[in-house]
Amino acid sequence: MSTKSDFRGSRPISSFFLRKPKVRLISLLSLPMTWIVGVYIVSLFLLLITAFWNVDPFTSRVSPGFNLENFIMVFTVPAYIATSIRTLFIALSVTAICVLLAVPLGIYMAKIAKPWLRNILAVAITLPLWAGYLVKIIAMRLVFTEEGFFNWLMAPLGIRGPGFSIPIVILTLTYLWFPYMALPVYTAIRQIPPNLFDASSDMGAKGFTTVYRVVIPLIVPAIIAGSVFTFSLSLGDYLAARFTGGATQMIGSIIAANINLNPPVAAAYSMIPIAFVVIYLMVARRTGSLERM
Amino acid sequence: MLRLSRLTRVALGGVVLFILFFMYTPLMVLILNSFNESQISGWPIESFSTKWWEFARSYQPIRDALLNSVLVATGAMVIASILGTLVAFAMKGFSFFGKGTVNILIVLPIALPGVVTGVAFSNTYSNFLTPMGFNIGYFGMIVAHSTFCIVMVFNNVFARLRRMNPNLQEASADLGAGLWQTFRLVTFPQFRTSFAAGALLAFALSFDEVVVTIFTAPPGVDTLPLWILKEVGRPNQASVVNVVATVVILLSLIPVYISQRLARAQEDER
Amino acid sequence: MKGKKLAILSALSASVLIISGCSSGSDDSSGVAIEVPDIPMHEAMGEFEGELNIVNWSGFVEPAWTDKFTADTGCKVNPRVAGTSDEMVTLMRTGQYDIVSASGDAALRLIVGGDVQPLNLDLIPNFSDDIAAGMKGNIYDTVNGKPYGVPIGRGANLLQYNEEVTGGAPESWDVVWELNTPYKGKITAYDAPIYIADAAVYLMYHKPELGIKNPYALDETQLAAAIDLLKQQNQVIGEYWSDPVAQITSFVGGNTVVGTSWEVLRKFAAKDNLKTTLPVEGSTGWFDSWLVSSTTKNINCAYAWMDYTSKPEVNGAIAVNFGMAPANVAYCASSPEAQAHCDTFFAEDEEFFKRIWPWTTPIETCVDGRKDVKCTSFQEWTNAWATVKG
């Protein structure tokens, strides 16, 4: 094993990086940022800049210019506002349901289940990821059609499903994105040192208190990480609504309908999910820093 | 160990059972439908047959599509893992101007509807790269997929790094380990589980993606989701989709098993 | 050669007159002049380029007939399936694709936008008298007398109903439009802006005072009336569909009792209680044709493909695989099965298709020949459609 003095001489690169945090930061960020900004953001910008442009009603080709009409439309047409609010509501509901299910699941898997059961459960929650997005949406259709599996199963109890509507969209999206929440949450609970629990219970805390005081604060970063997935993915989705939403329209539906016919409107309307995500991340960061205090 | 009352344990077990029921009912309906005689899936199934299995076995386009999906998802996973981890370290170790912006930039690709991302990429490819004499072709699909997969790895790794003890790295450096050595021996083992989870989710997200792929896949190349979309659009053999989904679920036991082993190996080390 | 070309052209313009005469009631829609970019057409066949990139509806391009084409010409076929007309237009505008199987609602957009080129029918010998008269020279793919499309097949948007529930065939579309429908919450409608034309067809019959002569030529008042009708329908609707499988599972699964459908979807549903009918108001329909990109690098392969797929047996194979009426009616006489297929899909029944308005992109120029007003464009239709669904 080398000593510290060796190290200065024998590892010039490492020591250079150690002494220059700015260089370290730049070298860490340069590749990913070149990728994201150079490839993605530039592409996006070239597309979204058209939000201010005009569209030739005849050819539906865009020409450079500056007008705010497209934005005004997004904020004044009642259907667009309603769709934004509906989509936000759906994305938040999906996220809330995912958290409510993922935390008990994670605690059970990490702290109660025997190792063999834990491994089976870990496989069980990741397996549906592979069934295919469209296939899962269609499977949800089969479950919730009028004469489908759900009503067939519940018929003896006299319960009938709601038919294709917003609740089914929320369920479908929850179904699609749940593993994206469950996996980080479980991983985080797994990594809580067992002695923390011991300490908590030694101090007389009951199970729920331990969960509330010890587990939750420790897994907030993971919940936030997972919620970013469930929230963002739900915000941008429109195929689930198309297949299981009945007459439900989401932000993505409007953007998809306009993207080649009227790119400026699509571009202007794309600002809405961007704004939602920005606000969401800001709130999440605030929560994250509160928890650290 | 977490001490929970019997009632709480039973309640938690009940929630878990409910989740499993919720997750597996559609899958079961789907798997049973792969044996549905009819061209269109339905419930209840009126007559069973293995004809779609036989059809799928000799149907070359499925294998081509599956291969494409695995290639693209692997490429995207590798690139996203590297880039996502780099960003996570930058965000963890430093506070700098525009940190929040970086975070937003990374989440953006999954927050925007796929159609925006897809059209943006295909615009750039066909209006800028191709005229410059650079035909991106197949790689264009991997580039697009990597971009929206970065967030998967970043978020998982970042969440773990925030809970990690920085003293260990300092200790390692004090003991004379180089940056790479510290990373390999000290830092990486600590976040390996989260890294594996993130990579797995990235692979799954890319493997499943439909909308971005429609616009970025080169002519004639189908990934599995594109192939499924095609079959769904032409109902005369829609049931074969269920066979493929069933097979993919079974095949996916392999990567899931590997990631499980990784996680377990780490546990043993601790 | 020249003589033949002239004969085709005159046959074409004649059919334009016939069709407009029969379907729109005005006798001068061939006089509609639309401004289109001037793009030269292909003059003579040259060497095959070796590949052909196709944007198509699912089921139009299959190894069963592409293999032989590739063997004959050396043109490798790279298909890309699109799910909606919008996707088709977007994909064509990337410039990566040579040819597209566009429905009329995409075709006119592409033509007016200069994305596709006029065709030299001399180079497509199989575009002959056997092509159904009702598919030639329609406004959606023939502009200012220049042909842009080679017909593939067509289908009508019919009213499908669950006979167990309705008891018999509804005579009118009113069961899907009116608030007093007995099937509230069990109605399905097609999920695309072009569906506004279905509302216009209904209004044309029931509200003649609006003066709608062509459901794709709506001025602002007429569009507003159609949108009001659609909003009214929104209160009683169960589901909008754009995906065939979704629509079938809805009818089979009991979510839907009445609504827009295609004959082929009824067949796939394979339920005796599901029937289709063409109500008294008539309906809309999709007429698909091959259109060639204006920037294609594989022009000779594209022409060879259009000629190949216009052969009775190939055109028939596509039509059978997708489930529509073939454009080349010579296929019908080729076998009893072919005849049965043609009968199911009304392939030779021009009287039937005269009651069907082929999807056409609405543009500012009124395609019904009105000169004194500006008609609403597809952008306005798309915006309006978003407000319908709320």
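Thresholds, definitions, all that
- Residues numbered from 1 in each chain as written.
- Chains lettered and ligands numbered in written order.
- Predicted model: local features only at pLDDT ≥ 70, side-chain atom pairs only at ≥ 80, totals over all residues.
- Heavy atoms only, no water.
- Core = buried A, V, L, I, M, F, W, Y, C linked by side-chain atoms within 4.5 Å.
- Buried < 20%, exposed > 50% of the residue type's maximum accessible area, 1.4 Å probe, protein only.
- Helix = DSSP H or I, 4+ residues; strand = E, 2+ residues; numbered from the N terminus.
- Contact = heavy atoms within 4.5 Å.
- Buried area = accessible area lost by both parts, 1.4 Å probe.
- Salt bridge = Lys/Arg side-chain N within 4 Å of Asp/Glu carboxyl O.
- Polar contact = N/O pair within 3.5 Å; in protein donor to acceptor, adjacent residues only side chain to side chain.
- Domains from an automatic or database assignment.
- Expected span 1.5 Å × (residues − 1).

## A word on the nonpolar core
Then, in step 1: If you look at the biggest cluster of nonpolar residues, it comprises 330 residues, and the most contacted ones within it are Tyr80 of chain A, Val115 of chain B together with Ile196, Trp290 and Trp305 of chain C.
Then, in step 2: Examining the composition of this core, we find that 16 residues originate from one element, helix α9 (residues 166–190) of chain A, more than from any other.
Then, in step 3: Apart from residues no more than four positions distant in its own chain, Val115 of chain B is found in contact with Tyr238, Ile255, Ala256 and Ile259 of chain A together with Val211 and Phe215 of chain B.

## Section: the interface of chain A and chain B
Then, in step 1: Across the contact, 108 residues belong to chain A and 108 residues belong to chain B.
Then, in step 2: For the pair chain A and chain B, the summed buried surface comes to about 9,700 Å²; carbon and sulfur atoms form 77% of the total.
Then, in step 3: A per-residue breakdown of the area chain A buries against chain B is headed by Trp35, Tyr40 and Trp130 of chain A, which together make up 9% of the total.
Then, in step 4: At the boundary of chain A with chain B, the tally comes to 0 salt bridges.
Then, in step 5: Our count for the contact surface shared by chain A and chain B stands at 8 residue pairs in polar contact (both at pLDDT 80 or more).
Then, in step 6: For the side of chain A that touches chain B, the leading source of residues is helix α3 (residues 21–48) of chain A, giving 19 residues.

## Topic: the interface of chain B and chain C
Then, in step 1: Counting from both sides, the interface comprises 24 residues of chain B and, opposite them, 23 residues of chain C.
Then, in step 2: For the chain B and chain C pair, buried surface summed over both sides reaches about 2,100 Å², with 60% attributable to carbon and sulfur atoms.
Then, in step 3: Considering only the side of chain B, the residues that lose the most area to chain C are Phe215, Pro219 and Arg234 of chain B, jointly responsible for 25% of the buried surface there.
Then, in step 4: Applying the counting rule to chain B against chain C returns 2 salt bridges.
Then, in step 5: As a salt-bridge pair, Arg80 of chain C and Asp222 of chain B come within 2.9 Å of each other at their nearest N and O atoms.
Then, in step 6: There are 7 residue pairs in polar contact (both at pLDDT 80 or more) connecting chain B and chain C.

## A word on the domain arrangement of chain C
Residues and elements named next belong to chain C.
Then, in step 1: Examined at the domain level, chain C breaks down into domain 1 (2–154 + 288–347) and domain 2 (156–284 + 366–389).
Then, in step 2: Distance from the C-alpha centre of domain 1 to the C-alpha centre of domain 2: 27 Å.
Then, in step 3: Across the contact, 12 residues belong to domain 1 and 12 residues belong to domain 2.
Then, in step 4: At the boundary of domain 1 with domain 2, total buried surface from both sides reaches about 1,100 Å², with 68% on carbon and sulfur atoms.
Then, in step 5: Here domain 1 and domain 2 share 0 salt bridges between them.
Then, in step 6: The interface formed by domain 1 and domain 2 includes 0 residue pairs in polar contact (both at pLDDT 80 or more).

## Considering helix α6 (residues 115–126) of chain A
Then, in step 1: Here α6 of chain A contains 12 residues, and its C-alpha end-to-end distance of 17 Å stays within 8% of the 16 Å for a straight helix at 1.5 Å per residue.
Then, in step 2: For α6 of chain A, the full list of buried residues reads Arg118, Leu121, Ala122, Val123, Ala124, Ile125 and Thr126 of chain A.

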